[in-house]
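Fold and contact review
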Amino acid sequence: MVGLQFRLGIACGAALFAVAGSATAQQDDTQEKVVADEVITIVAHRQPRELSEVAGTVSVISADELARDLVLNANDLVRYEMGVELDDTSSRFGHSGFRIRGIGGNRTAIVVDQVALADRFAVGSFSDTGRGLLDLGLANRVEILRGPASTLYGSDALGGVVAIETLSADDVLYGANRGTRVRLGASTDAQRGYGRVATAWSGGDHSVLIAGAAQYREELDAAAATTHDPQRIRQTGALLKWQTYTDKGTWQLSFDALRERRETEVLHSLGSGRQASTTALSGDDERYEWRAILRFRSEPNWLSERGEWRLYVQEALTQQNSFEERGVLAEPLSIYRGFRYDYDSYGLAADLETDFAVGDMRHRLGYGFELSRAEVWDERDAWQWNQVQQTATNVLLGETFPLRDFPRSQIDEVGLYLHDEMRLWRDGPSLSPGLRYERYALRTQQDSLFAERYPNSDVTDLTHDAWLPKLGLLWPLTDNAEWFAQYARGYRAPPFADVNVGLYYPQFRVLAIANPDLKPERGYTFETGLRWRSHQARASLTAFHNRYSDFIESRAALGFDPQRGLLIFQSINRDKVVVEGLEASWERDWTARWSSELWLQYLRSEDKNSGEPVASVSPPSMLAAVSYAPPSMNWESRWVMRAQRGQKQLFNADEEALFAAPGYATFDWLMQWYLSPDLQLGAGLFNLTDKTYWQPAQVNGYPASDPVVPLLSQSGRHLRLTLDVRF
């Protein structure tokens, strides 16, 4: 640990010397200031900022970059993002969020149009809600904030934030009054087809956008799999936005909806483990989401110079059905399992900002609040049919159905934040302290079904308060370079299903009990870095040390209770986890035709309880790219190499060897043809060497012998085509 911190300090010091020397030499040569074009970000302060004004690490993926990288889904989005991975550990249910610097799942916030998506909920092998919406391709811009961000985003931003902005009328208008954009795509990795149509009108102070997207795909072409799970996935979505300008500000009303259906035939696990006697297993899964958001961006007034107010309501509904045949038993069985999960939420929020000066010290004071309420419940049902006796029962593995895994619950959250940016003197450093008060209240509702199934289960209401500070420092070194450092605290409230859990398998003598003393998870980060840019090049070096405490382990085994004669499970807090590392990037335009990129990442982790590395933290990785565009600029070619070191061998609590993803290097070739200002054709040949490899985040925690591991391997060589048209 000390050795790594020493190396981080030496690396930052060396980079500081190099950046300062380079900038000084450049000014000496030109005798004038050279200021590079800046990228605007919103996620870091909830207000527009240039990246050079942010004391932290942010990636901005524009609409042009989404098209250039041939992005059709969430996995494509982070394909070339160092330190960001997709949590997708199932061959049936889809992704569950993003993993940032090794922290993922519900610990990383996903906000769409500044409204947080519903968290993932999973129980057992047949119920997993995943997290939807993004795969539709209605996104126009994505920003990724790395590290704890609870001061501005509250609970669930422990690992960072992925902020998505959907299309607006201004993105589609072609000329003064109307416009249409069409995007089509196809890929051979999953026989994938994709389409999006967006059209917009503008007249006077009003504008309207209507957009629709659809995607179809089959099972992924997992390179290591000899047996695939046949699967069909159909997604459809719609987006409607109305916007009007007034003297007081801009009003925007939006509505978006998603429907996804997955039909899966599960073959990989037949005849092994719990499916030893299973001869057929299939799933029919559906997910619906809709949201309505009213946003008001105010003109300067007595309350703020800039501001946005939001009123929203959203619903996410998951329905999953599993059908199983156990045909090799002496008395064959047909088994049905059903799962429903309903999440409704609504809230009011505001993000405001005011500029003022005290003497020579200039301030940008940000302040805001968020009030939200969520109502959530689930229900599982099951029956089995004895084909010999011709009888049915709703008792399966000792559980009587229908049942709930937790009582109907209501979650109220209140967040108030204050954030200042103080320029200490002209052209001098900026200090940015921030503080948030967060209150989380979990209330159980009257639930006759839960009480009937678990009459001896203790349920509890829970209230937590937290103060979440941050402190940033940004010091300009030259017009083109700055050093930054920040300290931030993260927070995640105990999930409802961990506080009040219902699980009882009499057949296996297993009981899960509630934990009213469950503590919130907390994160503490220190980050420092250097950034430098010119018209021809950009470079950055970042070092970070993240410490997390009281991680929640869901349904951990506590041991055998001799009084009750049961094996007891309970969600508990674990000790500290440390994740630290280095991130470096360098981009250079060598000539008007040639350019290159290089990204490096080194991560190190340690579970303080066991002294072992954390399985969810990926090994060091790199990305290198070379681009060429002719003087005509009517086409572009890129060659991209990604490489990652193999994972170290890890073991689970039973000393069983976990699957360790081997190291790999892959090569992609991407092309763009700009046939006219309104017509763009893209093509990509991915994994040119047909390498068999795994993304560590997607095989985290699986035993080496698990039959699902081959299915989670990445696709072999495949081709992708896209077409973008504007008129």
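Residues numbered from 1 in each chain as written. Predicted model: local features only at pLDDT ≥ 70, side-chain atom pairs only at ≥ 80, totals over all residues. Heavy atoms only, no water.

**A closer look at the overall build of the protein chain**
Quick reminder of the rule: Only DSSP runs of H or I covering at least 4 residues are called helices, and only runs of E covering at least 2 are called strands; the numbering of each starts at the N terminus. A radius of gyration in this sense is built from C-alpha atoms; the matching globule rule multiplies 2.2 Å by the number of residues raised to 0.38. Throughout, a residue-residue contact means that at least one pair of heavy atoms, one from each residue, lies within 4.5 Å. Using a 1.4 Å probe, accessible areas were evaluated by the Shrake-Rupley method; residue-level cover was limited to the displayed protein chains. Under this rule, positive means Lys or Arg and negative means Asp or Glu; His and the chain ends count for nothing. Here the site of a charge means NZ on Lys, CZ on Arg, CG on Asp, or CD on Glu.
Scanning the protein chain for helices and strands turns up 7 helices and 40 strands. For the protein chain, the C-alpha radius of gyration of 26 Å lies close to 27 Å, the compact-globule estimate for 727 residues. Over its C-alpha atoms, taken along the principal directions, the protein chain stretches across nearly 90 × 60 × 55 Å. In the protein chain, of all internal contacts separated by at least 6 residues, the share reaching a separation of at least 24 is 68%. Counting only carbon and sulfur atoms, one obtains 56% of the accessible surface of the protein chain, whose full area is about 30800 Å². In the protein chain, which carries 75 positive and 97 negative side-chain charges, the distance between the mean positions of the two groups comes to 1 Å.

**Quick notes on the pairing of strand 32 (residues 552-561)**
The criterion, for reference: Strand pairing requires that DSSP identify at least two bridges connecting the strands.
Direction of pairing for strand 32 relative to strand 33 (residues 566-573): antiparallel, over a ladder of 7 bridges. When the bridges of strand 33 are listed, Gly-559 appears paired with Ile-568.

**As for the sheet that holds strand 6 (residues 108-112)**
Within a beta sheet, neighbouring strands are joined by backbone hydrogen bonds and run either parallel or antiparallel to one another. Strand order in the open sheet formed by 5 strands is 3-10-11-6-7, and the pairing between neighbours is mixed. Both outer strands of the open sheet, strand 3 (58-61) and strand 7 (115-116), are each paired with one neighbouring strand and no more. Where strand 3 meets strand 10 (residues 139-146), 4 bridges bridge the pair, whose relative direction is antiparallel. Within the sheet, the bridge partner assigned to Val-58 lies in strand 10 and is Leu-145.

**Side note on the pattern of salt bridges**
To be explicit about the condition: Any carboxyl oxygen of Asp or Glu within 4 Å of a side-chain nitrogen of Lys or Arg constitutes a salt bridge here. Each residue gets one of three labels from its accessible area relative to the maximum for its type: buried under 20%, exposed over 50%, partly exposed in between, using a 1.4 Å probe on protein chains only.
Taken as a whole and assessed by the stated rule, the structure comprises 55 salt bridges. For the salt bridge of Asp-724 with Arg-183, the shortest nitrogen-to-oxygen distance reads 3.2 Å. Taken together, the residues span a long stretch of sequence, with Asp-724 in strand 40 (residues 718-726) and Arg-183 in strand 12 (residues 178-187) at a distance of 541 residues. Residue Asp-724 shares its accessibility class with Arg-183, and that shared class is buried. Of the charged contacts in the structure, one is a salt bridge between Asp-447 and Arg-404, with a shortest N-O distance of 2.7 Å. With Asp-447 in the loop between strand 25 (430-444) and helix 6 (448-453) and Arg-404 in the loop between strand 23 (399-400) and strand 24 (409-423), this pair connects stretches of sequence that are 43 residues apart. By the burial criterion, Asp-447 is buried, and Arg-404 matches it. A single network of salt bridges, built from pairs that share partners, joins Arg-46, Asp-113, Glu-165, Lys-241, Arg-295, Arg-297, Glu-308, Arg-310 and Asp-351.

**Some words on the confidence of the model for the protein chain**
Going by this rule: Note: pLDDT gives the predictor's confidence per residue, expressed from 0 to 100.
When pLDDT is averaged along the protein chain, the result is 88, and 94% of the positions lie at 70 or above. Across residues 1-35 the pLDDT falls below 50, and counting only partners more than four positions away or on other chains, this stretch makes 42 contacts in the model.

**Quick word on the sheet that holds strand 29 (residues 510-513)**
Applied cut-off: To obtain each axis, a line is fitted to C-alpha atoms, and for helices this fit is confined to the stretch in contact; angles are then taken between N-to-C directions over 0 to 180 degrees.
Pairing is mixed in the open sheet, where 4 strands are placed in the order 28-29-33-32. The open sheet has two edge strands, strand 28 (503-505) and strand 32, and neither has a second partner. Neighbour to neighbour, the strand axes of the sheet diverge by 25° on average, direction disregarded.

**A short note on a negative patch on the surface**
Rule in force here: The patches reported here contain residues having more than 30% relative accessible area and no salt bridge. Joining distances are 9 Å for like charges and 5 Å for nonpolar side chains (Val, Leu, Ile, Met, Phe, Trp, Tyr).
Negative charge collects at one region of the surface, where Glu-612, Asp-654, Glu-655 and Glu-656 lie side by side. When you line up the elements, Glu-656 lands in the loop between strand 37 (635-644) and strand 38 (664-676).

**Quick look at a nonpolar patch on the surface**
Side chains of Trp-201, Ile-210, Leu-240, Phe-255, Trp-290, Val-313 and Tyr-346 sit close together on the surface and give an oily, nonpolar patch of about 610 Å² of accessible area. The residue Phe-255 is located in strand 16 (residues 249-265) in this model.

**A word on the environment of Glu-165**
Checked against the element boundaries, Glu-165 lands in strand 11 (residues 160-166). The exposure class of Glu-165 is partly exposed, given its relative accessible area of 23%. Each residue touching Glu-165, except ones within four places of it in the same chain, is listed here: Asp-113, Gln-114, Ala-139, Asn-140, Arg-141 and Arg-295.

**Some remarks on the pairing of strand 38**
As paired elements, strand 37 and strand 38 share 10 bridges and run antiparallel to each other. Across the sheet, the residue bridging to Glu-636 is Gln-672, located in strand 38.

**Concerning the packing of aromatic side chains**
So the rule is basically this: Pairing of aromatic rings covers Phe, Tyr and the six-membered ring of Trp, with a centre-to-centre limit of 6.5 Å; geometry is then stacked below 30 degrees between planes, edge-to-face above 60, and tilted otherwise. For a ring to carry a charge above it, either NZ of a lysine or CZ of an arginine must fall within 6 Å of the ring centroid while also lying within 35 degrees of the normal to the ring plane.
Counted according to the given criterion, the structure contains 19 aromatic pairs. Here Phe-121 and Phe-339 contribute two aromatic rings whose centre-to-centre distance is 6.3 Å and whose plane-to-plane angle is 25°, an arrangement assigned as stacked. Linking Phe-121 in the loop between strand 7 and strand 8 (122-123) with Phe-339 in strand 19 (residues 333-358), this pair joins segments that are 218 residues apart in sequence. By relative accessible area, which is 6% here, Phe-121 ends up buried. By relative accessible area, which is 1% here, Phe-339 ends up buried. Counting every residue linked through ring pairs, the aromatic cluster contains Phe-121, Phe-339, Tyr-341, Phe-406 and Phe-496. Its guanidinium or amino end placed over the ring of Phe-544, Arg-101 lies 3.9 Å from that ring's centre, counting from NZ or CZ. Lying over the aromatic face of Trp-590, Arg-588 brings its terminal NZ or CZ to 5.2 Å of the ring centre.

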